[in-house]
Amino acid sequence: MAEALAIPVTQRCEGCGSELAPRLLTCPSCRKLVHGQTLKQLAADAQAAADRGAPTEALSLWRQALDLLPQGTAQHAQVLARVEGLSQQVDALGLKVPLAEAERSRSGMPKVLASMGALGLLLWKFKFVLVLLLGKGKLLLLGLTKASTVFSMLLAAGVYWTAWGWPFALGLVACIYVHEMGHVAALRNFGMQASAPMFIPGLGAFVRLKQSPVDGREDARVGLAGPIWGSAAAVAAMVAALVTGWKGLGAIAHAAAWLNLFNLLPVWQLDGGRGFRALARKQRWMAVGVLGATWFLTGESLLLLIGAAAAYRAFASPAPEEGDQRTLVEYSVLVAGLGALGHAAKLWTGAAL
């Protein structure tokens, strides 16, 4: 992702010479754009990124340009349309990006792989998938390079350590960290800037967005990415528990599943609230049905609270005419999967709620 261009501190308007107050985007005297030169450079860089097949980088640059344009202007509307179009393109590509890159670069395959035909091409594609997975691993380590993240993690771990011991504390903090880095990964994928994760002992952690999603679909992708990554961490803890027989890992898996499930509450700025904004009214009632069925099968009382909140959102709150089908699938799978995982971990460890 391209780094943000430095925005010069403008003292006088380039057009009429009037003095400008900080944070103004247009000159009050001549209506000239304050950051005109920066906008031209951002547009050129974004076009270059798009031409070389880097939609995420182009999306990041156009978002920076959007922040420098006053809302309600024709320029703002034009750039917003570009951002929305690129966002949908990035969303549609998903994991197809490395595979498409492998197909385009087939001519660059080593001769030994080219001679293997279809098998060689499959191995060549696997290389790009492996690079993608390694990139995810590097992203997980990114937050640990931030002093604020590390210090807040240690503080949270200390609080949990006092209550439940150091193994559970470290495991729980690690699962929360993976959850938050899921949000970071989605934000980076959509070219949005955000802070590193910050932990609040007893309450979890958060990532502060520096740019806003352009629509409910994008907001849902960012919101549900946290529980998706967090679910993977909970599953890893449960698998490790089954392999090692250590019930402490089962307790960590149960707690991680419960926390990620709690985050699916469709209220306020919780992840479930972000997901529900992209669902049509009929889709919301379908989510309520999934919540009810999962509660019936698992007996997880938290699902009753989530179901009640979901029913209220389905009945009373505004909903888009056309909902996002992918959001419904992701939300439903998360509810069912986390409910089942939490129930299984509870039974295996003999933990009580």
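Rules behind the numbers
- The residue numbering used here restarts from 1 in each chain and proceeds along that chain's sequence as written.
- Where local features are concerned, this predicted model is filtered to residues with pLDDT of at least 70; where side-chain atom pairs are given and counted, the filter is 80 or more; whole-chain, interface and lining totals use all residues.
- Side-chain metrics in this entry use all non-hydrogen atoms of the structure; hydrogen atoms and water are not considered.
- Only DSSP runs of H or I reaching four residues or more are called helices, and only runs of E reaching two or more are called strands; each is numbered from the N terminus.
- In this scheme, a residue with accessible area under 20% of its type's maximum is buried, one over 50% is exposed, and one in between is partly exposed, where area comes from a 1.4 Å probe on protein chains only.
- We call two residues in contact when some of their heavy atoms are within 4.5 Å.
- Surface exposure here means Shrake-Rupley accessible area, sampled with a 1.4 Å probe, where a residue is shielded only by the protein chains that are shown.
- Note on geometry: axes are C-alpha line fits, over the in-contact stretch for helices, and angles between N-to-C directions span 0 to 180 degrees.
- Angle categories are assigned with fixed cut-offs, so that under 35 degrees is roughly parallel, over 145 is roughly antiparallel, 65 to 115 is roughly perpendicular, and the rest are oblique.
- Each crossing gets its hand from how the near helix is turned against the far one by less than a right angle, where anticlockwise is left-handed and clockwise is right-handed.
- Lys, Arg, Asp and Glu make up the charged group, whereas Ala, Val, Leu, Ile, Met, Phe, Trp, Tyr, Cys and Pro make up the nonpolar group; the residues left over, Gly among them, are polar.
- Definition used in this section: a nonpolar core is a set of buried Ala, Val, Leu, Ile, Met, Phe, Trp, Tyr and Cys residues joined via side-chain atoms within 4.5 Å.
- The patch calculation keeps residues exceeding 30% relative accessible area without a salt bridge and links them within 9 Å when they carry like charges or within 5 Å when they are nonpolar (Val, Leu, Ile, Met, Phe, Trp, Tyr).
- Salt bridge, as used here: a side-chain nitrogen of Lys or Arg that lies within 4 Å of a carboxyl oxygen of Asp or Glu.
- What pLDDT reports is the predictor's confidence in each residue, on a scale of 0 through 100.

## What about the overall build of the protein?
And step 1. For the protein, the count of helices and strands is 14 helices and two strands.
And step 2. Of all 353 residues assigned to the protein, the portion counted as buried reaches 43%.
And step 3. A separation of at least 24 residues holds for 66% of the contacts in the protein among residues at least 6 apart in sequence.
And step 4. Of the roughly 18,400 Å² that the protein leaves accessible, carbon and sulfur atoms contribute 65%.

## Observations regarding the packing of helix α9 (residues 216-244) against helix α14 (residues 325-349)
In helix packing, the relevant descriptors are the interaxial angle and the interaxial distance, both defined with respect to the helix axes.
And step 1. The contact between α9 and α14 brings their axes to 10 Å, and the two run at 25 degrees. Relative to α14, α9 is oriented roughly parallel. At the point where α9 passes α14, the crossing takes the left-handed sense. On α14, the residues that touch Ala220, Arg221, Leu224, Pro227, Ile228, Ser231, Ala234, Val235, Met238, Ala241 and Leu242 of α9 are Arg326, Thr327, Glu330, Tyr331, Leu334, Leu338, Leu341, Ala345 and Trp348.
And step 2. Grouping the amino acids of the contact of α9 with α14 by side-chain chemistry returns 15 nonpolar, two polar and three charged.

## Here's the deal with the nonpolar core
Side chains of nonpolar character tend, in soluble globular proteins, to be buried together.
And step 1. Membership of the largest hydrophobic core comes to 75 residues, with the highest contact counts inside it found for Phe199, Leu264 and Tyr331.
And step 2. A per-element tally of this core places helix α8 (residues 166-189) first, with 13 residues.
And step 3. Apart from residues lying up to four places away in sequence, Tyr331 is in contact with Leu224, Leu264, Pro266, Gly272, Phe276, Ala287, Leu291 and Ile306.

## Describing a nonpolar patch on the surface
And step 1. A cluster of nonpolar side chains, contributed by Trp295, Phe296, Leu297 and Leu304, occupies part of the molecular surface with about 490 Å² of accessible area.
And step 2. Element by element, the count of residues in the nonpolar patch is highest for helix α12 (residues 281-298), at three residues.
And step 3. Within the secondary structure, Trp295 is located in helix α12.
And step 4. Taking relative accessible area as the criterion, Trp295 reaches 34% and is therefore assigned partly exposed.

## Looking at the pattern of salt bridges
And step 1. Enumeration over the complete set of coordinates arrives at 10 salt bridges.
And step 2. For Asp219, the salt bridge identified is with Arg274, shortest N-O distance 2.4 Å. Of the two residues, Asp219 is situated in helix α9 and Arg274 in helix α11 (residues 271-276); the sequence distance between them amounts to 55 residues. When sorted by exposure, Asp219 lands in the same class as Arg274, which is buried.
And step 3. Between Asp219 and Arg277 there is a salt bridge; the shortest N-O distance is 2.8 Å. Of the two residues, Asp219 sits in helix α9 while Arg277 sits in the loop between α11 and α12, which places them 58 residues apart along the sequence.
And step 4. The class of Asp219 is buried, set by a relative accessible area of 8%.
And step 5. When salt bridges with common partners are traced through the structure, they connect Asp91, Asp215, Arg217, Arg221, Asp324, Arg326 and Glu330 into a single cluster.

## Observations regarding the confidence of the model for the protein
And step 1. Across the protein, the average pLDDT comes to 82, with 77% of residues at or above 70.
And step 2. Highest mean pLDDT in the protein belongs to α12 (96); lowest belongs to helix α4 (residues 96-104) (46).
And step 3. pLDDT under 50 marks residues 1-6. Its contacts with residues more than four places away, or in other chains, come to 16 contacts.
And step 4. Considering only residues more than four positions removed or in separate chains, one finds that residues 97-107, a stretch of pLDDT under 50, has 15 contacts.

## Quick look at the packing of helix α2 (residues 55-67) against helix α3 (residues 74-93)
And step 1. Interaxial distance between α2 and α3 falls to 9 Å at its minimum, and their mutual angle equals 155 degrees. Here α3 runs roughly antiparallel to α2, going by the angle between their axes. In this structure, α2 crosses over α3, and the sense of that crossing is left-handed. Where α2 approaches α3, its residues Pro55, Thr56, Ala58, Leu59, Trp62, Arg63, Ala65 and Leu66 are matched on the opposing element by His76, Val79, Leu80, Arg82, Val83, Leu86, Ser87, Gln89, Val90 and Leu93.

## A short note on the environment of Val173
And step 1. Within the secondary structure layout, Val173 lies in helix α8.
And step 2. Separated by 26 residues in sequence, Val173 and Phe199 have C-alpha atoms that sit 8.8 Å apart.
And step 3. Residues within four places of Val173 in sequence aside, it is in contact with Met153, Ala156, Ala157, Tyr160 and Phe199.

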